[in-house]
Amino acid sequence: MPKSRIRKKDEFKPPPERKATKIDLGGGGGGRRWVAPLMLTLFGLGLAWIVVFYVTTGTLPVESLGNWNIVVGFGFIAGGFVVSTQWK
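What you see is a predicted model, and the numbers here were worked out from it, not measured in a lab. Every chain is numbered on its own, with residues counted from 1 as its sequence reads. In view of the model being predicted, local features appear only for residues whose pLDDT reaches at least 70, and side-chain atom pairs are presented and counted only at 80 or more, with totals across whole chains, interfaces and linings using the full set of residues. For the side-chain quantities, the full set of heavy atoms in the structure was used; hydrogens and water were omitted.

Asks: I'm lost on the packing of helix 1 (residues 35-55) against helix 2 (residues 68-84) in this one. Help?
Replies: Each packed pair of helices is defined by two parameters, the angle between the axes and the distance between the axes. What counts as an axis is a line fitted to C-alpha atoms, over the stretch in contact for a helix, and the angles between N-to-C directions run from 0 to 180 degrees. Helix numbers and strand numbers start at the N terminus; a helix is a DSSP run of H or I with at least 4 residues, a strand a run of E with at least 2. Two elements in contact, helix 1 and helix 2, have axes separated by 8 Å at closest approach and are oriented at 165°. Viewed along their axes, helix 1 and helix 2 adopt a mutual orientation that is roughly antiparallel. When you trace helix 1 past helix 2, the crossing you get is left-handed. Contacts between helix 1 and helix 2 involve Val-35, Leu-38, Met-39, Leu-42, Phe-43, Leu-45, Gly-46, Leu-47, Trp-49, Ile-50, Phe-53 and Tyr-54 from the first element and Asn-69, Ile-70, Val-72, Gly-73, Phe-74, Phe-76, Ile-77, Gly-79, Gly-80, Phe-81, Val-83 and Ser-84 from the second. Note on terminology: angles under 35 degrees are roughly parallel, angles over 145 are roughly antiparallel, angles of 65 to 115 are roughly perpendicular, and the others are oblique. Two helices that cross are described as forming a left-handed crossing if the nearer one is turned anticlockwise from the farther one by less than a right angle, and a right-handed crossing if clockwise. Two residues qualify as a contact provided that any one of their heavy atoms is within 4.5 Å of a heavy atom in the partner residue.

Asks: What is the right way to read the environment of Gly-46 from this model?
Replies: Among the structural elements, Gly-46 can be located in helix 1. Exposure is judged per residue with a 1.4 Å probe applied to protein chains only, and the accessible area is read against the type maximum: over 50% gives exposed, under 20% gives buried, and values in between give partly exposed. Residue classification places Gly-46 among the buried residues on the basis of a relative accessible area of 0%. Remark: the alpha-carbon pair of Gly-46 and Gly-80, spanning 34 residues in sequence, is separated by 8.8 Å. Dropping the residues within four chain positions of it, Gly-46 is found in contact with Gly-73, Phe-76 and Ile-77.

Asks: Where do I start with the environment of Leu-60 in this structure?
Replies: Relative to the elements of secondary structure, Leu-60 occurs in the loop between helix 1 and helix 2. What makes Leu-60 partly exposed here is its relative accessible area of 43%. Between the C-alpha atoms of Leu-60 and Trp-49, which are 11 residues apart in sequence, the distance is 8.7 Å. When residues no more than four places from it in sequence are discounted, the contact partners of Leu-60 are Val-52 and Phe-53.

Asks: It is not clear to me how helix 1 should be interpreted in this structure. Could you clarify?
Replies: Because an α-helix completes one turn every 3.6 residues, residues spaced three or four positions apart along the sequence face the same direction. Taking 1.5 Å as the rise per residue, helix 1 with 21 residues should run 30 Å; its terminal C-alpha atoms sit 30 Å apart, in good agreement. Where helix 1 is buried, its residues contact helix 2. Looking one or two places after helix 1, you find Thr-57, whose phi comes out positive at around 50°. In this analysis, the expected span of each helix is defined as 1.5 Å times one less than the number of residues it contains.

Asks: Looking at this model, I keep getting lost on the side chain of Asn-69. Mind explaining?
Replies: Within the fold, Asn-69 resides in helix 2. Judged by its relative accessible area of 0%, Asn-69 is buried. The contact partners of Asn-69, leaving out residues within four places of it in the chain, are Trp-49, Phe-53, Pro-61 and Val-62.

Structure, rendered in structure tokens:
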């Protein structure tokens, strides 16, 4: 039976080192500092609106809206999500 050829293995070369990329979270003067506070404010306002509506059994925040107060609260929360798309 014939002998199989022995293959030479290439010498191991480590991959080139990668340089870390710096991530700017808005503190470097990007002009988007308002996004995070506004987003959190809208989330908090929507949550507070819904909680106040349930705790006061519908007499607050706006009694004439009735159950539409829930929609208003979720509207503030949705606004927070819309603003969050501007965060870079």
